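Observations on the model geometry
Residues per chain are reported as follows:
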Amino acid sequence: MAMAVTMEVGNDGVAVISISNPPLNIINAAMLAALKEKFGEATRRRDVKAFVLTGKGGRFSGGFDINAFQNPSGDTSDRTIESIDLVLNTIEDCKKPVVAAIEGLALGGGLELAMGCHARIAAPKTQLGLPELTLGVIPGLGGTQSLPRLVGVSKAIEMMLFSKPIMSEEGKLLGLIDEIATSEELVRVSRLHALEISDGRKPWVHSLHRTDKIGSLSEAQQLLRTAREQAKRTAPNMPQHLACLDAVEEGLLLGGYKGLLKEAAVSKELVQSNTTKALTHLFFAQRATAKVPNITDVGLKPNHVKKVGIIGGGIMGSGIATSLMLSNITVFLKEINSEYLLKGMKTVEANIQSLVARGKVTQDKARKALSMLEGVSDYSDFKEMDMVIEAVIEDIPLKQEIFSELEKVCSSCCILATNTSSIDLSVIGEKTKSQDRIIGAHFFSPAHIMPLLEIIRTEKTSPQVILDLLTVGKIMKKVPIVVLNCTGFAVNRSFFPYMQIPHLLVHLGVDLFRIDRAIRNFGFPLGPFQLQDLGGFRLGKASGKEYENAFPDRTFRSPLTELLLKNGRNGKSNGKGFYVHEKGSKPKPDPSVLPIVDESRKLMNIMPGGKPISVTDEEITEMVLFPTINEACRVLDEGVVARASDLDVASVLGMSFPSYCGGIVFWADTVGSKHIYLSLKKWSEMYGSYFKPSRYLEERAMKGMPLSVAVEAKSSLKSNSKL
Ligand SMILES: C[C@H](O)CC(=O)SCCNC(=O)CCNC(=O)[C@H](O)C(C)(C)COP(=O)(O)OP(=O)(O)OC[C@H]1O[C@@H](n2cnc3c(N)ncnc32)[C@H](O)[C@@H]1OP(=O)(O)O
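Residues numbered from 1 in each chain as written. Predicted model: local features only at pLDDT ≥ 70, side-chain atom pairs only at ≥ 80, totals over all residues. Heavy atoms only, no water.

**Details of the overall build of the protein**
Summing up its helical and strand segments, the protein has 30 helices and 19 strands in all. Once the C-alpha set of the protein is aligned to its principal axes, its extents read approximately 90 × 60 × 50 Å. Taken over 723 residues, the protein has a buried fraction of 56%. The contacts in the protein between residues at least 6 apart in sequence include a share of 74% that link residues at least 24 apart. For the protein, the distance from the average site of its 86 positive side-chain charges to the average site of its 79 negative ones is 1 Å. (Helix = DSSP H or I, 4+ residues; strand = E, 2+ residues; numbered from the N terminus. Buried < 20%, exposed > 50% of the residue type's maximum accessible area, 1.4 Å probe, protein only. Contact = heavy atoms within 4.5 Å. Lys, Arg positive; Asp, Glu negative; His and termini not counted. Charge placed at Lys NZ, Arg CZ, Asp CG, Glu CD.)

**Things to note about the confidence of the model for the protein**
Mean pLDDT over the protein stands at 93; residues scoring 70 or higher make up 96%. The low-confidence segment residues 711–723 (pLDDT under 50) makes 38 contacts with residues lying over four places distant or belonging to another chain. (pLDDT = per-residue confidence, 0-100.)

**Some remarks on the pattern of salt bridges**
For the structure shown, the criterion picks out 33 salt bridges. Glu158 is paired through a salt bridge with Lys164; the nearest N and O atoms lie 3.1 Å apart. Overall, Lys164 belongs to the partly exposed group, its relative accessible area being 43%. Asp553 is the partner of Arg554 in a salt bridge, and the nearest nitrogen-oxygen pair spans 3.5 Å. Given the relative accessible area of 3%, Arg554 is considered buried. The class of Asp553 is partly exposed, set by a relative accessible area of 32%. Members of the salt-bridge network, linked through shared partners, are Arg493, Asp553, Arg554, Glu631, Arg634 and Glu638. (Salt bridge = Lys/Arg side-chain N within 4 Å of Asp/Glu carboxyl O.)

**Let's talk about the sheet that holds strand β9 (residues 179–180)**
In space, the 6 strands of this open sheet follow the order β1-β2-β3-β4-β6-β9, with mixed pairing throughout. Since the sheet does not close on itself, it has two edges, and those belong to β1 (4–9) and β9, each with one partner. Two strands pair when backbone bridges link them, and strand β4 (residues 98–102) and strand β6 (residues 119–122) are joined in this way by 4 bridges, in the parallel orientation. The partner of Ile102 across the bridge, within β6, is Ala122. Its contacts with the sheet place helix α8 (residues 186–198) against β2 (14–20), β3 (50–55), β4, β6 and β9, and it is angled at close to 165° to β4. (Pairing = 2+ DSSP bridges. Axes fitted to C-alpha atoms, helices over the stretch in contact; angles between N-to-C directions.)

**Some words on a positive patch on the surface**
Taken together, the side chains of Arg233, Arg517, Arg520 and Lys586 define a basic patch exposed on the protein surface. Under the relative-accessibility criterion, Arg233 is labelled exposed at 60%. (Patch = residues over 30% accessible without salt bridge, like charges linked within 9 Å, V, L, I, M, F, W, Y side chains within 5 Å. Areas by Shrake-Rupley, 256 points an atom, 1.4 Å probe, with all protein chains shown as cover.)

**Observations concerning the domain arrangement of the protein**
Each domain of the protein was delimited in the assignment, giving domain 1 (4–272), domain 2 (307–485) and domain 3 (493–703). Where domain 2 abuts domain 3, roughly 1000 Å² becomes buried across the two surfaces, and 71% of that area is made up of carbon and sulfur atoms. The interface formed by domain 2 and domain 3 includes 0 salt bridges. Here domain 2 is connected to domain 3 by 1 residue pair in polar contact (both at pLDDT 80 or more). Top contributing element to the side of domain 2 that touches domain 3 by residue count: strand β17 (residues 479–484), with 5 residues. (Domains from an automatic or database assignment. Buried area = accessible area lost by both parts, 1.4 Å probe. Polar contact = N/O pair within 3.5 Å; in protein donor to acceptor, adjacent residues only side chain to side chain.)

**Focus on the UniProt feature "domain: 3-hydroxyacyl-CoA dehydrogenase C-terminal" (unreviewed entry) in the protein**
The UniProt entry lists residues 488–579 under the feature "domain: 3-hydroxyacyl-CoA dehydrogenase C-terminal" (unreviewed entry), expressed in the numbering used here. A helix fraction of 61% and a strand fraction of 1% characterise residues 488–579, whose end C-alpha atoms lie 26 Å from each other. (UniProt positions renumbered as here; feature names shortened; annotations may be inferred.)

**Looking at the state of the cysteines**
For the structure on display, the rule yields 0 disulfides. Unpaired in terms of disulfides, Cys633 finds its nearest cysteine sulfur in Cys486, a separation of 14 Å. (Disulfide = S-S within 2.5 Å.)

**Topic: the packing of aromatic side chains**
Scanning all chains against the criterion turns up 21 aromatic pairs. Between Phe283 and Phe284 the ring centres are 5.1 Å apart and the planes differ by 85°, which places this aromatic pair in the edge-to-face class. Relative accessible area serves as the criterion here: at 26%, Phe283 is assigned to the partly exposed category. Take Phe284: its relative accessible area is 28%, and that puts it in the partly exposed class. Arranged with centres 5.7 Å apart and planes meeting at 85°, the rings of Phe556 and Tyr690 form a pair that is edge-to-face. You can see Phe556 sitting in the loop between α23 (537–550) and α24 (560–566) and its partner Tyr690 sitting in the loop between α29 (673–687) and α30 (695–703), a full 134 residues away along the chain. For Phe556, a relative accessible area of 8% translates into the label buried. A connected cluster of aromatic rings, assembled from ring pairs, spans Phe495, Tyr498, Phe522, Phe524, Phe626, Phe657, Trp667, Trp683, Tyr687 and Phe691. When the ring centre of Tyr379 is taken as reference, the NZ or CZ atom of Lys334 above it lies at 4.7 Å. The ring of Tyr696 carries the charged tip of Arg700 above its face, separated from the ring centre by 3.6 Å. (Phe/Tyr/Trp six-rings, centres within 6.5 Å; stacked < 30°, edge-to-face > 60°. Lys NZ or Arg CZ within 6 Å of the ring centre and 35° of its normal.)

**Observations regarding the UniProt feature "domain: 3-hydroxyacyl-CoA dehydrogenase NAD binding" (unreviewed entry) in the protein**
According to UniProt, the positions carrying the feature "domain: 3-hydroxyacyl-CoA dehydrogenase NAD binding" (unreviewed entry) are residues 307–484. Secondary structure content for residues 307–484 is 39% helix and 22% strand, while the C-alpha to C-alpha distance between its ends is 26 Å.

**Side note on the pairing of strand β10 (residues 307–311)**
Across the 5 residues of β10, 4 count as buried, placing the element largely inside the fold. Summarising the sheet, β10 and strand β13 (residues 387–390) pair through 4 bridges and their orientation is parallel. Bridge pairing links Gly309 to Val388 in β13.

**What to know about helix α1 (residues 29–44)**
Helix length check: α1, at 16 residues, gives a terminal C-alpha distance of 23 Å against a target of 22 Å (1.5 Å per residue), a fit within 8%. Every buried residue belonging to α1 is among Met31, Leu32, Leu35, Lys38, Phe39 and Ala42, and all of these are buried. The arc that holds every buried residue of α1, seen down its axis, measures 125°, which confines them to one face. Facing away from the buried side of α1 by over 90 degrees, the exposed positions are Glu37 and Arg44. (Expected span 1.5 Å × (residues − 1). Arc of directions from axis to C-beta.)

**Structural notes on the site of the ligand**
As a matter of local geometry, the ligand sits amid 24 residues, with Phe64, Gly109, Glu112, Glu132 and Arg287 nearest to it. Taking Arg59, its side chain carries an N or O atom lying 3.3 Å from an oxygen atom of the ligand. Between the ligand and Glu112, the relevant distance is 2.6 Å, taken from an oxygen atom to a side-chain nitrogen or oxygen of the residue. When the free accessible area of the ligand is taken as 980 Å², the share hidden by the protein chains comes to 71%. Mapped onto the shell around the ligand, the elements with two or more residues apiece are β5 (105–107), α4 (109–116) and α12 (274–288). The element that contributes the greatest number of residues to the shell around the ligand is α12, accounting for 3 residues. When grouped by side-chain class, the residues that make up the shell around the ligand number 13 nonpolar, 5 polar and 6 charged. (Near = heavy atom within 4 Å. Nonpolar A, V, L, I, M, F, W, Y, C, P; charged D, E, K, R; others polar.)

**Here we look at the pairing of strand β16 (residues 452–457)**
For β16, the tally of buried residues reaches 5 of 6 residues, placing the bulk of the element in the interior. With 4 bridges joining them, strand β15 (residues 438–443) and β16 adopt antiparallel strand pairing. In the sheet register, Phe443 faces β16, and the bridge partner there is Leu453. Two strands pair when backbone bridges link them, and β16 and β17 are joined in this way by 6 bridges, in the parallel orientation. Opposite Leu453, over in β17, you have Pro480 as the bridge partner. In this region the chain leaves β16, passes through helix α18 (residues 463–475) and returns to the parallel neighbour β17; the handedness of that crossover is right-handed. (Right-handed = clockwise from strand over helix to strand, strands pointing away.)

Take a look at the structure:
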């Protein structure tokens, strides 16, 4: 059924107005106009005593249509009129009582409509929230005013700033929900409630007039001060957090009506912002990843994966096990001896306990998850596995041996996955005949927390196996992205310059801690050297070798990693990297690493004229990020990802690229292909082929085209391109 607003008036004198726009009853300007018309019509009718506002299809509403934010110029509606005219003048100031009957979810504009009503009745486990800030905007249908008045300033700030939804049960305790009624009883109970308000037996409450939950002004201002400080720390480059607090404050100081005006003015400005464009792009990009051409659209049905074997109980293996167990999937964790096995199982336990301590998982859920784990030191149970994930060190002969063994001990339909982060899959599966069942399941560390799952297919991996892993990924609440096989795959391949250009810059004389600072100021949570400390220098050395073999023309080689290892440094794992890592305190730059850096600089001797180069922080950032975009262009050119927006999602979820920039390709297009091309060309002449623009970038720069224009997935795989 298309978008509709319907009204039925019962013999009891209650007009039930229902919104319908499947699947989530998304609201748009036309729906708001239709609602206004229906309310107007029923207000005039003498046989109508009260209203119930509800949503069809078991979901009240997922909020306002986000498409309108992508193209704000196409949205001709004026938000001042929308919020004040509909929510305040039409609903809240209606001459007859209005009760919201909420089921499933009421998010964003959906919850705001409900808060404009005089009471709210909700079905059990209904999700209630104002997630607008995740999209770069603020609640725009009165939410910045009504929520603090219904649940108190502190809770309202928490729900809006962290975009944290609550369930109707908590809503009832807070006073946001007046009654809970089963789904079957919802409309009947709501009708009765509306009639009781009309008869004066239940209070007729105007949300905007309430002051009882707000507390004293000085208390509220203290809460706002703390929230502002926190927002500056946690969302330093995003305007919407402070803007939302400004709107709340205006209403507290000058009253709800003035607050609504402020909310409308701020919303109008924010909807035009680059942050909103970037974040709404990511919203749709993330949803698009679920649609994989020739896999999800060819009528295949996923097989149920119930038991998974994991080979290797290190950081990755235990993280993957944790995530599977929390998704009710039985895990057989295999290690080579009981000592390692015990260590792996302890890590899983610690992972789960840390989630409990942070309130992410309940004790009950933790107990249930731990009962899904079985530790084994041989393959005797592996016949029963639906899937096996290999998560041992990056050692090609070892992985090849494991896969030949797995082929013998597992059933012929078991999925054989590897968690390698860079090794070509055809090499790993070279010694087997099961190429159609071999697939990459590349999780990002820590695997029980990071949301990205890169699924790597070779030309032989069967569509069914891809679909099954996609389905497991979704059950694990990951965002799975399907990519083609090549060295480093889509994410690490694109970001390999991000890890090594900083080394080039250091050898050209730039201070390493300054590079990290510049990258952090751009919006990454960690600089590239901090990230290398986390991964450890041994891993860095092993994956560096892979890139050196695959892309020799653009790999910067220096003795630095080797020298660091020789000096007893391996990064965070032994507390000594570029930074000092001590338990319980933040990593601190380690000055004692500088003589090692100098030794490497002397050996390389590449500073022009023997002097450090002079660069601004902005140049540092561009010299690190433009080659990353250049490599992403090669990934697009080779069809490694189905669409450019997949790389945007992957860069944000896998590499913590700042979300408000919309992902690596989206950001590149805001910078412009021409500027990137010309900068790279200049640096390649000054500093060498690491910066040489790719054909894909050059073509688009010449034609003035964006980098994100649709790329056709290539039918054959071109791995290790030397372009
Ligand atoms: C003026 C107001 O203050 C401003 C607002 O209201 S801003 C909007 C606030 N609302 C939100 O942020 C909610 C966004 N939506 C979500 O988080 C999730 O869709 C959800 C948790 C509600 C449901 O998740 P789930 O059941 O997995 O469904 P999901 O696949 O995400 O959505 C179904 C379809 O609806 C679309 N959709 C969801 N919310 C939408 C929205 N607010 N606008 C436009 N389309 C939306 C999705 O893109 C998807 O489309 P597709 O099938 O073509 O890919």
